[in-house]
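The primary structure of each chain is shown beneath.
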Amino acid sequence: MPADTTKKTLLVFSGDFDRALAAFTIANGAAAMGDDVTMFFAFWGLNILRRPGKVAAQKDLVQAAFARLMPRGVERLRLSRMNFCGVGATLMKRVMRRRNVMSLQEMLDTAKEQGVKLLACTMSMGVMGFSENELIDGVEFAGVAAYLGEADEANVNLFI
Amino acid sequence: MPADTTKKTLLVFSGDFDRALAAFTIANGAAAMGDDVTMFFAFWGLNILRRPGKVAAQKDLVQAAFARLMPRGVERLRLSRMNFCGVGATLMKRVMRRRNVMSLQEMLDTAKEQGVKLLACTMSMGVMGFSENELIDGVEFAGVAAYLGEADEANVNLFI
Amino acid sequence: MPADTTKKTLLVFSGDFDRALAAFTIANGAAAMGDDVTMFFAFWGLNILRRPGKVAAQKDLVQAAFARLMPRGVERLRLSRMNFCGVGATLMKRVMRRRNVMSLQEMLDTAKEQGVKLLACTMSMGVMGFSENELIDGVEFAGVAAYLGEADEANVNLFI
């Protein structure tokens, strides 16, 4: 990589709308400046990567209940504060549209286009009961060792 | 900067009393040790920088509702856990006074005196509907690119 | 330290089951790869280090109330989302057992065995009203300056 290229990693643990917004804003900003960016989605953060529709996947009762209660993909995420059963998130999206701020879906698409690496934490997938086909295309699967390897090469590492 | 000076950045995303406390404790600790410190306040974190009184500002209905429901400044922040409608935060402040721990307001003043750079995220201000005159004096306004520039120069970067 | 050894610090601010899980997974992963790892437990994170049983300790009314309401040790931690009065955490532990993921207690024991340094933030202990004998064995006590000293030596620093 050229001398002015540095690397950033974002461990996206949260699946909240607002924190996802922060994560993609940072990721896309850094990628636009020429940095290598890796996002490692763990735990609730996996919800950001879920396909919006229902996907056939073998789950036990607990996993099925969790999967049903958790949001499916960027359009369904909730605000961590003042969500008011979704009203808060909806209002915020409207404000964003009016202010010409990209939607979360557009941010995700832009991240992919800019070559941001999207990794899904395999241990979290096991605990949450997600199979690979439940996540969107373009996601790679990795463990904590891979994340740490990426973080070792980066000069900015955030846990979001 | 001298060889033993390093830089720290804190991205203060949360507007919770307890996380603000952590952020300013780290910022002031690092500044006291001679480090350059930049705090970048985004999203809920902007509430920490709000002026306590009511400020005339043009807002649409949604922004006005959000502004009214969110805490105005350090004295009004809530605990992320066990807030109990403000009782928890009040009790914690009392304990802090008795243990001779600085109040959040004193920590903020100290940060300014020590030259900690306070940046407010302009994109977040747009989404939240905050105008510059609603935030306290001594705050600068910056975007994610400025934050990333600071983070690139720092050896410790935290997302709080 | 050998050239391929690097250092990591984790500031564990949260006392949620899921975030503790993430913290210990990262800590143990890094330690297994030969890194020096320091975990600095502050605020709610101190609950992770509490002894499970009741410990005699002088507390005022507020501190006693807080101590009673907060979870005592790894076995009592709650999920940050979908806890449902403990049902969520219990179900998640069952899934983890079935998937052969270590329990949090085993992760904590492994961290100790691997030489992960466990520091408890003394300022937080004062505010929360915890005395040293309320925390588990093997914990050292340190302030923010010590944390910053460790972070200065590390190449990855996360706030969890």
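All of the points below concern the structure found in this document. (Residues numbered from 1 in each chain as written. Chains lettered and ligands numbered in written order. Predicted model: local features only at pLDDT ≥ 70, side-chain atom pairs only at ≥ 80, totals over all residues. Heavy atoms only, no water.)

## A word on the overall build of chain A
And step 1. A count of helices and strands for chain A gives six helices and five strands.
And step 2. Counted from the first residue to the last, chain A has its helices and strands arranged as β-α-β-α-α-α-β-α-β-α-β.
And step 3. Taken over C-alpha atoms, the radius of gyration comes to 16 Å for chain A, in line with the 15 Å a tight globule of 160 residues would show.
And step 4. When the backbone C-alpha atoms are referred to their principal axes, chain A occupies close to 50 × 40 × 25 Å.
And step 5. For chain A, the proportion of its 160 residues judged to be buried stands at 57%. (Helix = DSSP H or I, 4+ residues; strand = E, 2+ residues; numbered from the N terminus. Rg over C-alpha atoms; globule rule 2.2 N^0.38 Å. Buried < 20%, exposed > 50% of the residue type's maximum accessible area, 1.4 Å probe, protein only.)

## Comments concerning a nonpolar patch on the surface
And step 1. Side chains of Leu 69 of chain A together with Phe 84 and Val 87 of chain C sit close together on the surface and give an oily, nonpolar patch of about 280 Å² of accessible area.
And step 2. For Val 87 of chain C, the location among the structural elements is in helix H3 (residues 87-98). (Patch = residues over 30% accessible without salt bridge, like charges linked within 9 Å, V, L, I, M, F, W, Y side chains within 5 Å. Areas by Shrake-Rupley, 256 points an atom, 1.4 Å probe, with all protein chains shown as cover. Salt bridge = Lys/Arg side-chain N within 4 Å of Asp/Glu carboxyl O.)

## Quick notes on the interface of chain A and chain C
And step 1. Each partner contributes to the interface: chain A provides 27 residues, whereas chain C provides 32 residues.
And step 2. Between chain A and chain C, the buried area comes to about 2,400 Å², and carbon and sulfur atoms account for 73% of it.
And step 3. Area buried by chain A at its contact with chain C is led by Trp 44, Leu 148 and Phe 159 of chain A, which between them contribute 24% of it.
And step 4. One can count three salt bridges joining chain A with chain C.
And step 5. With a closest N to O distance of 3.1 Å, Arg 98 of chain C and Asp 60 of chain A form a salt bridge.
And step 6. On the surface where chain A and chain C come into contact, there are seven residue pairs in polar contact (both at pLDDT 80 or more).
And step 7. For the side of chain A that touches chain C, the secondary structure elements donating two or more residues are helix H2 (61-69), helix H5 (122-128), helix H6 (144-153) and strand S5 (156-159) of chain A. (Contact = heavy atoms within 4.5 Å. Buried area = accessible area lost by both parts, 1.4 Å probe. Polar contact = N/O pair within 3.5 Å; in protein donor to acceptor, adjacent residues only side chain to side chain.)

## So, helix H1 (residues 17-32) of chain C
The periodicity of an α-helix, 3.6 residues per turn, causes residues three or four places apart in sequence to face the same way.
All names here are of chain C.
And step 1. For H1, built from 16 residues, the straight-helix expectation of 22 Å at 1.5 Å per residue is met to within 8% by its first-to-last C-alpha distance of 22 Å.
And step 2. Most of H1 sits inside the fold, with 15 of its 16 residues counted as buried.
And step 3. A positive phi of about 95° marks Gly 34, the residue just after H1. (Expected span 1.5 Å × (residues − 1).)

## Structural notes on the packing of aromatic side chains
Aromatic ring pairs: the centre-centre distance and the angle between the two ring planes describe each pair.
And step 1. Evaluated as defined, the whole model comprises 15 aromatic pairs over all chains.
And step 2. One aromatic cluster is present, built from ring pairs that chain together Phe 13, Phe 43, Trp 44 and Phe 159 of chain A. (Phe/Tyr/Trp six-rings, centres within 6.5 Å; stacked < 30°, edge-to-face > 60°.)

## Structural notes on the pattern of salt bridges
A side chain with one charge may pair with a side chain of the opposite charge, provided their charged atoms come close.
And step 1. For the coordinates displayed, the defined rule picks out 27 salt bridges over all chains.
And step 2. The salt bridge partner of Asp 137 of chain B is Arg 51 of chain B, with a shortest N-O separation of 3.0 Å. A residue pair is termed long-range when its members are at least 10 positions apart, and Asp 137 of chain B in the loop between helix H5 (122-128) and strand S4 (140-142) and Arg 51 of chain B in the loop between strand S2 (36-41) and helix H2 (61-69) qualify at 86 residues.
And step 3. By relative accessible area, which is 53% here, Asp 137 of chain B ends up exposed.
And step 4. Several salt bridges converge on common partners, so that one network encompasses Lys 7, Lys 117, Glu 150 and Glu 153 of chain A.

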